[in-house]
Amino acid sequence: MFNTEDRIRQALPDPGAMKGWKPKTGRADIEEQPKSAAACGPDTHWDCTGIADGSVKFEAAGENAYFDIQAYADKKAAEAACSKEKDWSAKYTKAEVPPVPGVESHAYYRNAGSLDGLDLTMCLGTVIAQVRLEDGGGSSLDPATVHSLAQLFVPRIQKAAAAS
């Protein structure tokens, strides 16, 4: 279970595996008092019932890559959150990103304010993982890039899950 900061950090990409990308920021947080689905209500954001989360940011050639993980108490809670996230993201333009083998995923281009991005969301057991590319002044927001980054991320998540 992803219920410690160390377990979340193990799931996030290692700077050594990110050839050509410069690490910028990173964090892992545990929710001290997680909310139940009932406490969140029907119209809340998809991450309301999360028990832990983490993220790391890398930068290369005018592009920012973010890796986010949101952990849930069990698979049922993660599936409910994944369904809510998919409904929430449906308002954006769908992106054609090849599927990551063995992982339920969907991708979309997100444009909000001055933000241009490409998000690939993956549902893996008790976590929702996202790989996000954001335009840093030269980004192509290439689906092949987000797909290759996801292929680095998924095995780390699976390895950290197996270690628990």
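See the structure printed just above.
Residues numbered from 1 in each chain as written. Predicted model: local features only at pLDDT ≥ 70, side-chain atom pairs only at ≥ 80, totals over all residues. Heavy atoms only, no water.

Now for the overall build of the chain. Within the chain one finds four helices and seven strands. With the principal axes as the frame, the chain shows a C-alpha extent of 45 × 35 × 30 Å. When burial is assessed residue by residue, the chain has 45% of its 164 residues classed as buried. Excluding contacts between residues fewer than 6 apart, the proportion of contacts in the chain whose partners are at least 24 apart in sequence is 57%. For the chain, the accessible surface area stands at approximately 8,400 Å², while carbon and sulfur atoms represent 50% of it. Averaging the locations of the 18 positively and 23 negatively charged side chains of the chain gives two centres separated by 3 Å. (Helix = DSSP H or I, 4+ residues; strand = E, 2+ residues; numbered from the N terminus. Buried < 20%, exposed > 50% of the residue type's maximum accessible area, 1.4 Å probe, protein only. Contact = heavy atoms within 4.5 Å. Areas by Shrake-Rupley, 256 points an atom, 1.4 Å probe, with all protein chains shown as cover. Lys, Arg positive; Asp, Glu negative; His and termini not counted. Charge placed at Lys NZ, Arg CZ, Asp CG, Glu CD.)

Tallied over the entire structure, the rule returns five aromatic pairs. Between Phe58 and Phe67, the ring centres sit 5.9 Å apart and the planes meet at 85 degrees, which makes this aromatic pair edge-to-face. Phe67 matches Phe58 in its accessibility class, with the two residues each being buried. For the pair Trp88 and Tyr92, a centre-to-centre distance of 5.7 Å together with 65 degrees between the ring planes defines the contact as edge-to-face. Residue classification places Trp88 among the partly exposed residues on the basis of a relative accessible area of 29%. (Phe/Tyr/Trp six-rings, centres within 6.5 Å; stacked < 30°, edge-to-face > 60°.)

Within the secondary structure layout, Thr49 lies in the loop between α2 (37-40) and β2 (52-60). Relative accessible area serves as the criterion here: at 17%, Thr49 is assigned to the buried category. Sequence separation between Thr49 and Ser36 is 13 residues, and the spatial gap between their C-alpha atoms is 5.9 Å. Sequence-distant contacts of Thr49, defined by excluding residues within four places in its chain, comprise Lys35, Ser36, Ala37, Cys40 and Tyr72.

The element β2 is extensively covered by neighbouring structure, given that eight of its nine residues are classed as buried. Note: β2 against strand β3 (residues 63-71), nine bridges, orientation antiparallel. Bridging from a neighbouring strand, Lys57 pairs with Tyr66 of β3. (Pairing = 2+ DSSP bridges.)

One number sums up the size of the largest pocket: a volume of about 260 Å³. Ser36, Ala37, Thr49, Ala77 and Ala80 are, among the 19 residues lining the largest pocket, the residues nearest its centre. Where the lining of the largest pocket is concerned, the elements lending two or more residues are α2 and α3 (75-89). Looking at side-chain class alone, the lining of the largest pocket contains ten nonpolar, five polar and four charged residues. (1 Å grid on protein atoms, 1.4 Å probe; cavity = no way out; pocket = protein on both sides within 12 Å on 5 of 7 lines; lining within 4 Å. Points joined across faces, edges and corners; volume = space filled by probe spheres on them. Nonpolar A, V, L, I, M, F, W, Y, C, P; charged D, E, K, R; others polar.)

Okay, α3 next. Counted at 1.5 Å a residue, the expected span for α3 with its 15 residues is 21 Å, and the 21 Å between its end C-alpha atoms agrees. Buried within α3 we find Ala78, Ala81, Cys82, Glu85 and Ser89. The buried residues of α3 occupy an angular sector of 105 degrees when the element is viewed end-on, so they sit on one face. Residues of α3 that are exposed and angled more than 90 degrees away from the buried face: Lys76 and Asp87. Residue Asp74 occupies the N-cap position of α3, its side-chain oxygen lying 3.2 Å from the main-chain nitrogen of Lys76. (Expected span 1.5 Å × (residues − 1). Arc of directions from axis to C-beta. Polar contact = N/O pair within 3.5 Å; in protein donor to acceptor, adjacent residues only side chain to side chain.)

Summed over the entire model, instances satisfying the criterion amount to two disulfides. For Cys40, the disulfide goes to Cys48, at an S-S distance of 1.9 Å. Since a negative S-S torsion denotes a left-handed disulfide, the Cys40-Cys48 link at about -90 degrees is left-handed. Like Cys40, the residue Cys48 is buried in the burial classification. What pairs with Cys82 in a disulfide is Cys123, and their sulfur atoms sit 1.5 Å apart. With a gap of 41 residues between them, Cys82 in helix α3 and Cys123 in strand β6 (residues 115-124) connect regions that are remote in the sequence. Summarising the burial analysis for this pair, Cys82 and Cys123 share the class buried. When the cysteines of the chain that form disulfides are numbered from the N-terminus onward, they connect as 1-2, 3-4. (Disulfide = S-S within 2.5 Å.)

The quantities given are spatial measurements derived from coordinates; they are silent on function.
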